[in-house]
Structures are given as C-alpha cells and as structure tokens.
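Reading the structure
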Amino acid sequence: MGGPLGAIIGRYPTAGSDGEGQVGGGIIRHNRKCRDLVFLVVFIAFWVAMIVNSSFGFNQGNPLRLTYGLDYKGNICGNRHGDPDLRELEVKYWMNPNQVYLSGLKSSHFNLADARTICLMECPIPAEDGVNFVCDYPEGDIHLSVDDWIDRDYDYFEFLTPEMRNSSLQLQGPCYPVIFPSVNVFWSCQYIARASNVSLRHWQQMGGVSIDENILIDKNIHRAINSRSAVLKRYVADIGKSWPVLIVCGGILPLFLSVIWLLMIRHFVAGMTWITVILFNALIISVTMFYYTKAGWIGNDALSVVIGETDPYVNISGREINHLRAAAVLMTIIMIVAFLSSIAIIRRILIATSVLKVAAKVIGEVQALIIFPILPYIILAIFYMFWFSAALHLFSSGQILRNDCNGNCCSYDLKTNRVNCESCCGYSIHYTPHIGISILFHLFGCYWATQFIIACSSTIIAGSVASYYWTRGEISPEIPFLPVFSSMKRLLRYSLGSVALGSLIVSIVEWVRFILESLRRRLKLTDTAPESCMGKMMSSSSQCCLGCIDWTIKSVNRNAYIMIAITGKGFCKASTIATGLIMNNILRIGKVNVIGDVILFLGKLCVSLFCALFAFLMLDTHKYKSSHNKISSPLFPVLVSWGLGYIVATLFFAVVEMSIDTIILSFCQDAEEHQGNAQYAPPLLMETLDGQGEMQRLTQGS
C-alpha cells in the first residue's frame, strides 16, 4: 500500500522513516505536490465558458416571455417598454374568432400565431343586452390615451368613421365583437365555444359577417396554451415566481434542520436511528397526500389552470394536472417501497447506532466540523442565485420575428387609415439550435459545479478526521489547532485538480445516462410500432447497468477523496489505493458501512422531504394562487426545493458520512499494516466499538 499511513499523517513515525513526521507532520507538510493540474485548468476554463454563456442569456433573454404572450406587434404582454406601454396589460386576447376557427381547420394553412392578438387587463365578456367590442390600441385618428381606452373597456366603436365601422363589421378591425365568453388560462384568454345568443343576434342585426360557432374555437386555443413548449415555459417561470419559497425551503430551512440533526447525533446518538426511520415514513406519507390533494383525488383543493374567478360549470384542464397525478402515483410507489424497506432494516438499526457513535465521538473532539459546512453552503448559495437567474434568461432567449404567413389576415391599420393585407402576419419567438446547446451546457455546469463543491467539502472533512485518527485521538501541538483549516489549506494548495477530475467523472456518467434516457423516450414517441419484449428487456438492462456504474463510481470517488486527503496522491492513484483497500476488507467493512449509509441517506431524505412539505404549504397560500404570482403548478418549485434541500443536507451530513468512512478506511489500513492489530485507533474509537470483541469482528469479518 505504499508504506504505513501513520508516518504520513500522524506524529508517530514508523521504523525506517526519516523523522520528518516527528515535527512537521510528514508528507502532509513536506512531501506533497500539486496533482492533476490539467483538470484544474479545464475546470477554470469551464467557468470562463459558463460566464460567457450566461452573459449571452442576460443579453438576449427576457423572463417575461416565459409567462406572457405576444401581441400582433411583437410586444410582450405586461412589458412597460412595449408600444404602447403594456405594464398592466398582461392577458393575451385573440380578437377575431373566425381567424381562430380557420387556424384549427386541417385544410387551412393559416396558423393561430398569425391571428390578431392584443394585450388586455382581463378577458372580456359578452354584453347581456347588446354587443361589446374590443378595439385595437388607440392611435392615428383615434385620439384616446391608453388609460382612457382601458377605462372604456377597450371599446371606442362609437368614435369610428363609416369606413372603419364597415371594416369592423367585416371582422377586419379596428374593432371586433365579443361574441364568445373567455377565461384567463395562464394569461391567455381561452374561448368557451358557447356563443352569447344576445350578442350574436345584435351583431347580425348590425350587418356583421357570419361568425363560426364550431368547438374548434375552443380546442385550438386550448391546444396552443397546453402545448409541451408552453407548459415547459410555465414550469421554468414558476421557478422565478416562487423564489421566496426556494430561499426559505431550499436554503434556510435545510440549513436549520441539518445543524439540528448534527447536534442530535452529537448528544442523542442512541435514538437518532429510530427517530430518522419513523420521521422519514411520516414525511413521505405527508408529501404523497399533498400530491393527491393537488391532483384532485382528495378534498376540493385541486390545481386550477384559471387565473381569477371562473364559471363553476366550465371545466378546463391542462397537462399540469396530469403531471401532478403522475407524480402522485410515483410517490405512492416510493412510499410503499420505503415502508417495506424500513421494516426490513429494523433488525440492523443497532449496527447503525454503533457506527454513528464513531462519528459522534469525532464530532465531539473536532467540533469545528459542525460549523464548517456553512462555508461551502454559502458558496453554493451564491452560485445557485447566479445560476437560476442565468437559467431564466437562457430559457427565455431567442429572437422575436414576424411570421411568414400565407393566409388571409387583412386588418385595418389606424396609422395609414386603410385595410392592410401585406404585413399582417403575427410574431413568434424563434429559437436557434445554439440556444438549446447553451441550455444543456448550463445544466451540465450546474451539476459539475455542485459535485465539485461537495467533493471539496468531503475532502476537507476527510483530512480533518484522518488527522484525528492517526494521532490516536489527540489534538497535539504537532497538528494545527484547527484540523479543518489545516485540511482546507492542503486541499487548496495541492488537490483541487484531483477533486475537479473526480467530480467531472461523476458528471459525465450522469449526463450519459440523461442523454441515453432522453433518446430512448424520443424514439419511443416517434416509433408507432409496439416495443418487443426483447427491446424492453435490453432497455431496462441498460438503464440498470448505467445506474450500477453510476453508484459504483460515486462510491469509489468518495473513498478516493479520503485517500487524497490522507496521502496527497492524484485522483487515479488515490482511487486505486482506496479500491484495493476496500476489496481486501470487503467482509470487514461491508455490513457496517452499508447500514450506516442507509440511515444517513434516510436522514438526508428527511430533511429534503420536510423542505418539500413546507414548500407545499407556502405555495398553498393566496399569494401563489392568484394574480401575478400565480404559479401554473407546485410541481417544479416543490421538486427544486426538494433537490436543494437534499444538496444542503448532503453538505452537512457529509460530516458524519465522511467521518465514518474515513475512520473505517484508516482503521482497516492500520490493521493491515500491523498484522490485524490497529495501533493508531484512539481510545474513543475502541470504546465505541465495544472493546476487543467488536474490533475482532471488524478486522476478521463474519
């Protein structure tokens, strides 16, 4: 294994050492050098590319595009910089019902994106004793301000010249009749194919052209609002609208809960395994019930796609409801598996308790470990604030360009005082392929940066715990007063490249899984033929193999970080040492390590599930169910809060996790170097493992 580790990190040099360890701490102080510098350069270059990529998003994107639609001039509804000022006009309304109907015909080449739309404050409703009109933005010979136009409910039909009135009766504007009721569905007026008989009769008496009453008017707008791209945009916009929830449930709350968990491990370790298992099951049941409630399967608080009040007899659904129901079914399966797994590990809980005592003893001696994770937590918080802001702008980037339409979209132009049939096509946001690549690069960057910061934190913790072990549990003058800061100094000076390489490998494997899964889903959607049993078996086998590879690499990486902290070797050499040590002692450490990891994993899930539950409660308030802050679905904010909570918990739980792994690896290495009799194990470890009997069980296996 390359020589005894006591001479590397402790103050007790073995025979044959040069004595450097007696004063300077051995290789930790004098015999290290920078490792894997190439990958550190790659990581720095990657960050430069991340900044350039994000600057493109900040320059080209506008998060308003994710929520609001475009009018016929290419303005974003609700944009104060539009022409005219649309700061309060946020609802997109299709003015000409015949164009909406025409765009739904299979034989027609006219697209809904070319139908004439304007931005209003709220969806108009038909008159009870006549016909209401919605007129174009006032300009030209219509001498009204936008405020006056709004006060008149967008109706200046009485001010029109005979030519303008005749054009309006031909459904060419500038005024259009309100024949169909509509409701605000995610800031677009969804027609209800139920024409007002009174308004339609008055329209016909005025000499207006025939208006189609087909249900296509309803379905066509609903199809546009409910498209996959529109739903994805709304989900991303939900992240921006619910930023207070993310700060509380994804940042502050998991910090608070993780610190409490560490303190309880320190002072109440005997009962923590039972508390963790019981709390985990209670939380997963609670989160599942919330999904059932929002999916409409329990109670009367189902998700509504309508903004504001709506007719109780009108039922409008969306993909968001279907996604919540799918999530509820998935959570039910997870809940059942979790409950059965909890029953299966009850007999092993006593083993987990003895393992956690090891970490509790270390935390008690090296108390700086409890507060150290706050440093990577702050770094991650700053990074995520930058990343989420850039992500919103990247997802909303693109060029607003006029469509190339061939249909009949003639409309009256108030500036030229004539009907214009040449430049009447609508506007759309056009995305180029490089925007998709930028988004994927941004997502990969988030994962790599997160893994890098977690890896740095784990390596620092491992170095601190190793210092504790190889000095027989003493904080001696030869070891710095604060082992955490000493370990941090070694990482920053020698091993950043090795950590960058390890985190890059994990990120690449995860992204290979993501890309293959995306390709599989896309092929499944495009292939109309039923999938054969052999195809299903191969697909499931490949996913299982990739999952096993991913788990193995993460496990090897974690132990490699420990050996990097102890020996100062490069990532590949440290991985070889760690893997050899584990394989030689698989029977000695397998059962203890696995059970300990399971309990810690359940603890991280407890923190993240509590964050998800609290996010549900915050999103269920009036603020996020009405008006401007209404979110399309709690699904994405809850999942992001869950994910952030898990990442924060990982930072803090790494104190216990890396303490256990480092102690066990150091113990096995110590025993291997000294013919099964560990010489550097401190008295606290001996007491925790219950004397020589437990020590013999660990060193000789079952």
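Residues numbered from 1 in each chain as written. Predicted model: local features only at pLDDT ≥ 70, side-chain atom pairs only at ≥ 80, totals over all residues. Heavy atoms only, no water.

Notes on the pattern of salt bridges
A side chain with one charge may pair with a side chain of the opposite charge, provided their charged atoms come close. Considering all chains together, one arrives at ten salt bridges under this definition. Two residues, Arg87 and Asp85, come together in a salt bridge whose shortest N-O distance is 2.8 Å. The exposure class assigned to Asp85 is partly exposed, which follows from its relative accessible area of 31%. Lys604 is paired through a salt bridge with Glu657; the nearest N and O atoms lie 3.5 Å apart. In this pair, Lys604 is assigned in helix H21 (residues 586–619) and Glu657 in helix H22 (residues 635–673), connecting sequence segments 53 residues apart. Each of Arg558, Lys604, Glu657 and Asp661 takes part in a single network of salt bridges with overlapping partners. (Salt bridge = Lys/Arg side-chain N within 4 Å of Asp/Glu carboxyl O. Buried < 20%, exposed > 50% of the residue type's maximum accessible area, 1.4 Å probe, protein only. Helix = DSSP H or I, 4+ residues; strand = E, 2+ residues; numbered from the N terminus.)

Digging into the packing of helix H16 (residues 374–395) against helix H17 (residues 433–469)
Remark: H16 packs on H17, axes separated minimally by 11 Å, with the N-to-C direction vectors making an angle of 175 degrees. Comparing their axes, H17 and H16 come out roughly antiparallel. Every residue of H17 that contacts H16 at Pro376, Ile379, Leu380, Phe383, Tyr384, Trp387, Ala390, Ala391, Leu394 and Phe395 is listed here: Ile435, Ser438, Ile439, His442, Leu443, Gly445, Cys446, Ala449, Thr450, Ile453 and Ser457. Across the contact of H16 with H17, the residue classes tally to 16 nonpolar, five polar and no charged. (Axes fitted to C-alpha atoms, helices over the stretch in contact; angles between N-to-C directions. Parallel < 35°, antiparallel > 145°, perpendicular 65-115°, else oblique. Contact = heavy atoms within 4.5 Å. Nonpolar A, V, L, I, M, F, W, Y, C, P; charged D, E, K, R; others polar.)

Focus on the packing of aromatic side chains
As enumerated under the stated definition, the model contains 28 aromatic pairs in all. The interplanar angle of 75 degrees and the centroid separation of 5.5 Å between the aromatic rings of Trp47 and Phe383 together place this pair among those described as edge-to-face. Note that Trp47 is positioned in helix H3 (residues 37–60) and Phe383 in helix H16, a separation of 336 residues in sequence. Judged by relative accessible area, Trp47 falls into the partly exposed class, the value being 25%. Look at Phe383 and you get buried, because its relative accessible area is 5%. Taking the centre distance of 4.2 Å and the plane angle of 5 degrees together, the rings of Phe133 and Phe157 count as stacked. Linking Phe133 in strand E3 (residues 132–135) with Phe157 in the loop between helix H6 (146–151) and helix H7 (162–169), this pair joins segments that are 24 residues apart in sequence. (Phe/Tyr/Trp six-rings, centres within 6.5 Å; stacked < 30°, edge-to-face > 60°.)

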